[in-house]
Amino acid sequence: MKIALNEARCSGCRTCQVICSLHNFNENNPKKAAVKIVGHFPTPGHYEIKICDQCGLCAAVCPAEAIKETDGVYRIDKEKCTGCGECIEACPSEAMVQHPAEKAPIKCVACGQCVELCQRGAIYDADTREVQ
Amino acid sequence: MYGYGGNILRINLTTGEMNIQPLSQDMAREWIGQRGFIAKILWDELKPGIDPLGPANKLVMSTGPLAGTLVPAGGKVSFGAKSPATGIYGESCMGGHIAAEMKYAGYDVIILEGASSKPCYIYIKDDQVEIRDASHLWGKGAIQTEKALKDELGEEFQICTIGPAGEKLVKYACISHDFGRQAGRTGMGTVMGSKKVKAIAICGHNSIPLADLEATVVKGKEMLKGCFAKENLDEWQNYGTAGVPVWANNIGAFPTKNFQSSYLEGNENLDGKIMREKMVVNDKGCFGCPSPCGKYCYVKPYNVYTEGPEYETTALIGGNCVFTDIEQIGYLNYLCDELGLDTISAGNVIGFAMECFEKGILTREQVGMELKFGDLESFKYLVEKIAAREGIGNILAEGVKYAAEQFGGDSIKFAIQVKGLEWSGYESRSAPSNMLAYMTCDLGAHHNRAWSVTHDIAVGRKVLEGKARKVIELQHIRPFFDLIGCCRLQWVEIGFELEHYPEVLRYVTGFDYSQDDLMKISEKVWNLTRAFAWREIEDFGRKYDYPPARFYEETVTTGPNAGDVLSKEELDFLLDDYYKLRGWDLNGLPTREKLEQMGLGFVVRQLESYGRKIS
Ligand code: SF4
Ligand code: SF4
Ligand code: SF4
């Protein structure tokens, strides 16, 4: 799964966020999704998608060594995470999410659930699909 | 409570008091949500005869159990109050993201009571609720206000606002949200303005509890994918309702020249394909929508951004005021949106004024300029006068019915409204079922409850028999979506099946409704809002259900249905049939038997206590 974006296609529906929270937290709560949808309205009128591209910079800065890579995916070990927020600052994609009820930041684990439900192809899997 | 935000938030703007009460199981099960909650609360809490723009009126904002979940298009919220436009039950529905946000903040219902003495906005972050000063926003456009508050509070807030028209209490002011979604009808923005509330800003961080999370995920995915697989999905998401004007014209249903005709010369220029090529910059959807119909536009010649024009706007500003340039319509749409005016009523009012001028009922002296159909300056001039309530605008701001009463002549015959609410965008002299649908809509002449032009075409446009039955069926199904917090357009436009909803409601809420139960609840709400009108108006009944005389005395002037008219006898046939099938008396009033059968015994007792004679 190589998550890629085609932001011009995003309709802002946030289905990606709902399924992300359901799948990864067992909660219906888009504020816990690892993908952000940011509208730019009234001008110029489009949506921006902020999501992790597994670059690993977060792991490099984490003082608690709580972020580890397996198969190209970086995961946060919630036990080890101290909630210091260094990784949030370091993320060049501004993709880390904070939620008041969670100590650890929320980060994409490339599960592909959002890809499955993005009808618009705005989030897609570059391994299996050409840009729409 | 499963499927719900779980609470009712009540804010008294006069005293500044607030309280949060849990939503009861019984309320949820018996009224489902959104329009069900609104109707019940307004019935219980409003005293008949109150001034709709006084502090005794309440603005109730509510969404339903499927909003904010994985169920397709759960992004709808409704606003209700006693309508300043009609004096009866008022309500308007809106998409966007604020319905979901309300529930994440923990609320199914927000009730605004009383009135603030100075401009304010409501700030809601989970259980932190504040009435904040809005003097810096007062006077600003509806869209500008949303932008200013987003900048101030943060992108994660969902915000609804009113424009200057709402502040000035124009009777058809709308509530605006998500940079182009509106609760347009029955003056809900007017009620908000009367309370001096410029905006409601909401941000929530909580989960919606689900009765069966796993089953909801499986079913939600199945429903979404079912929508994705629909054959006409692409047509719908490419053009949205902008695909409709040409079709409506070809079948002779496009309101033209203040409904003189149902056919507009030059309508081919309003085609969705032309609009897409010239103006669309983004396909924009509401929360959870698998089929985004919002066409976000940049209108180059006028350098403005606007969402739409939607079909209804193109019909009422375009056809009704005779504009055939989609960019001009886009620009006028932008003006209405910023000013915070319902484009349906505004297009009706301005088309009406143009006709009055043409007929000499209005003069240059009265208006301040010469009005002409199809003249951009005329529209601009009037819309600004209306929003500011200046000069002629002060009369037009009251709606076509009141304006006709002031202007005199025979103008009441072509004031296109029912119960004081301006007619939605389908000329219906050649569509008896649709005519009946708009005549009997509980809100006035609005398409939200039933729309049946395609039924007329399918079974015969002159046929009257059987039409009432179809209208009633649709009046239960269509507004059913306004009970659950979902968009109806997946069902209407891409053919998504109704059968899914009882099942998914069970997974989300744990309540086990059959399809039939759901339709019964929809019917119960229908009877309640009809009773609301009767409680307000002593002589309410059949005479309030007629369309303007234009539709039964004048024939359609041009196009495929030129010469068509529905006689008063034909309208009476439709009404008789309709009332009978509804279990109402011949005057169109709910009977004791019907109300009791619907579980509305409390309505019978109240109506009687106000001296209404129930048969
Ligand atoms: S599901 Fe796709 S279209 Fe919808 S908000 Fe997410 S990225 Fe955008
Ligand atoms: S890939 Fe999975 S974890 Fe990442 S944003 Fe999408 S749903 Fe969330
Ligand atoms: S079909 Fe249109 S109105 Fe309905 S939810 Fe989707 S974008 Fe909103």
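Worth saying up front: this structure is predicted, and the values here are computed from it rather than measured.

A. Just the interface of chain A and chain B, in detail. Counting from both sides, the interface comprises 34 residues of chain A and, opposite them, 41 residues of chain B. When the two sides are added together, the surface that chain A and chain B hide from each other amounts to roughly 2,900 Å², 56% of it contributed by carbon and sulfur. Here chain A and chain B share four salt bridges between them. Residue Lys221 of chain B is joined to Glu116 of chain A by a salt bridge in which the shortest nitrogen-to-oxygen separation is 3.2 Å. Mapped onto the side of chain A that touches chain B, the elements with two or more residues apiece are α1 (15–25), β2 (36–40), β3 (46–50) and α4 (113–117) of chain A. Counting residues per element, the side of chain A that touches chain B draws most heavily on α1 of chain A, which supplies four residues. For the side of chain A that touches chain B, the residue count by class is 15 nonpolar, 13 polar and six charged.

B. The arrangement of the domain arrangement of chain B in detail. All names here are of chain B. Partitioning chain B into domains gives domain 1 (7–203), domain 2 (234–421) and domain 3 (435–495 + 514–609). Between the C-alpha centres of domain 1 and domain 2 there is a distance of 26 Å. On the domain 2 side, the residues contacting the 37 residues of domain 1 number 33 residues. Between domain 1 and domain 2, roughly 2,700 Å² of surface is buried when both sides are summed, and carbon and sulfur atoms account for 55% of that area. Three residues stand out in domain 1 for area buried against domain 2, namely Tyr172, Arg181 and Arg185, and they jointly supply 28% of the buried area on that side. Across the contact surface, domain 1 and domain 2 share four salt bridges. Across the pair Lys284 and Asp178 runs a salt bridge whose closest N-O atoms are separated by 3.4 Å. Counting every contact that joins domain 1 to domain 2 gives 18 residue pairs in polar contact (both at pLDDT 80 or more).

C. Representation of the site of ligand 1 within the structure. Within the structure, ligand 1 sits among Cys10, Ser11, Gly12, Cys13, Arg14, Cys16, Ile37, Ile49, Cys118, Arg120, Ala122 and Ile123 of chain A. Here the shell around ligand 1 is built from residues that sort into eight nonpolar, two polar and two charged.

D. Looking closely at helix α13 (residues 343–358) of chain B. Residue and element names in this part refer to chain B. Under the 1.5 Å per step criterion, the end-to-end length of α13 is 22 Å for 16 residues, consistent within 8% with the ideal 22 Å. The buried fraction of α13 is high, at 15 of 16 residues. In this structure Asp342 caps α13, since a side-chain oxygen of it lies 3.2 Å from the backbone nitrogen of Ile344. Following α13 by one or two positions, Gly360 has its phi on the positive side, about 80°.

E. The arrangement of helix α18 (residues 432–440) of chain B in detail. Residues and elements named next belong to chain B. By the criterion of burial, α18 is predominantly enclosed, with nine of the nine residues buried. Taken as a whole, α18 has its buried residues at Pro432, Ser433, Asn434, Met435, Leu436, Ala437, Tyr438, Met439 and Thr440. Close packing links the buried residues of α18 with β16 (417–418), α19 (453–459), α20 (467–477), α24 (515–536), α25 (550–553) and α26 (568–582).

F. Representation of the pairing of strand β3 (residues 59–63) of chain B in the model. All names here are of chain B. Counting buried positions along β3 yields five of five residues, so the element is predominantly enclosed. Here β3 shows two buried faces, one formed by Leu59, Met61 and Thr63 and the other by Val60 and Ser62. With four bridges connecting them, β3 and strand β4 (residues 77–82) associate as antiparallel partners. Of the residues in β4, the one forming a bridge with Met61 is Phe79.

G. Quick look at the sheet that holds strand β9 (residues 158–161) of chain B. Residues and elements named next belong to chain B. One open sheet holds the six strands; their spatial order is β8-β7-β12-β9-β10-β11, and the pairing between them is mixed. The open sheet has two free edges, formed respectively by β8 (128–133) and β11 (181–183), since each of these has just one partner strand. Strand-to-strand twist across the sheet, computed as the mean angle between neighbouring axes with direction ignored, equals 20°. Relative to β8, strand β7 (residues 120–125) runs antiparallel, the two sharing six bridges. If you follow Tyr123 over to β8, its bridge partner there is Glu130. Lying over the sheet, helix α3 (residues 98–105) contacts β7, β9, β10 (175–177) and β12 (197–203), oriented at roughly 60° with respect to β12. The sheet strands contacting helix α4 (residues 142–153) are β7, β8, β9, β10 and β12, and the helix crosses β9 at an angle near 150°.

H. Local environment of the sheet that holds β3 of chain B. Residues and elements named next belong to chain B. Reading across the sheet, the six strands line up as β2-β1-β6-β3-β4-β5 and stay open at both edges, with mixed pairing between neighbours. The strands lining the two open edges of the sheet, one partner per strand, are β2 (18–22) and β5 (89–94). Ignoring which end each strand starts from, the neighbouring axes of this sheet average 15° apart. Direction of pairing for β3 relative to strand β6 (residues 107–113): antiparallel, over a ladder of four bridges. Residue pairing in the sheet places Met61 in a bridge with Ile110 of β6.

I. View of the site of ligand 3. Around ligand 3, the structure places 13 residues, and the nearest of them are Arg181, Cys286, Cys289, Cys293 and Cys487 of chain B. Of the residues that constitute the shell around ligand 3, the class distribution is eight nonpolar, three polar and two charged.

J. Fine view of the nonpolar core. The biggest cluster of nonpolar side chains holds 174 residues, and the ones touching the most others in it are Leu341, Ile484 and Tyr501 of chain B. Tallying contributions element by element places α24 of chain B first for this core, with 10 residues. Residues within four places of Ile484 of chain B in sequence aside, it is in contact with Ile32, Gln34, Gly64, Pro65, Leu66, Ala67, Tyr501 and Leu505 of chain B. If you look at the next biggest cluster of nonpolar residues, it comprises 38 residues, including Ile37, Cys58, Cys62 and Tyr74 of chain A.

Procedures and definitions
- Residues numbered from 1 in each chain as written.
- Chains lettered and ligands numbered in written order.
- Predicted model: local features only at pLDDT ≥ 70, side-chain atom pairs only at ≥ 80, totals over all residues.
- Heavy atoms only, no water.
- Contact = heavy atoms within 4.5 Å.
- Buried area = accessible area lost by both parts, 1.4 Å probe.
- Salt bridge = Lys/Arg side-chain N within 4 Å of Asp/Glu carboxyl O.
- Helix = DSSP H or I, 4+ residues; strand = E, 2+ residues; numbered from the N terminus.
- Nonpolar A, V, L, I, M, F, W, Y, C, P; charged D, E, K, R; others polar.
- Domains from an automatic or database assignment.
- Polar contact = N/O pair within 3.5 Å; in protein donor to acceptor, adjacent residues only side chain to side chain.
- Near = heavy atom within 4 Å.
- Expected span 1.5 Å × (residues − 1).
- Buried < 20%, exposed > 50% of the residue type's maximum accessible area, 1.4 Å probe, protein only.
- Pairing = 2+ DSSP bridges.
- Axes fitted to C-alpha atoms, helices over the stretch in contact; angles between N-to-C directions.
- Core = buried A, V, L, I, M, F, W, Y, C linked by side-chain atoms within 4.5 Å.

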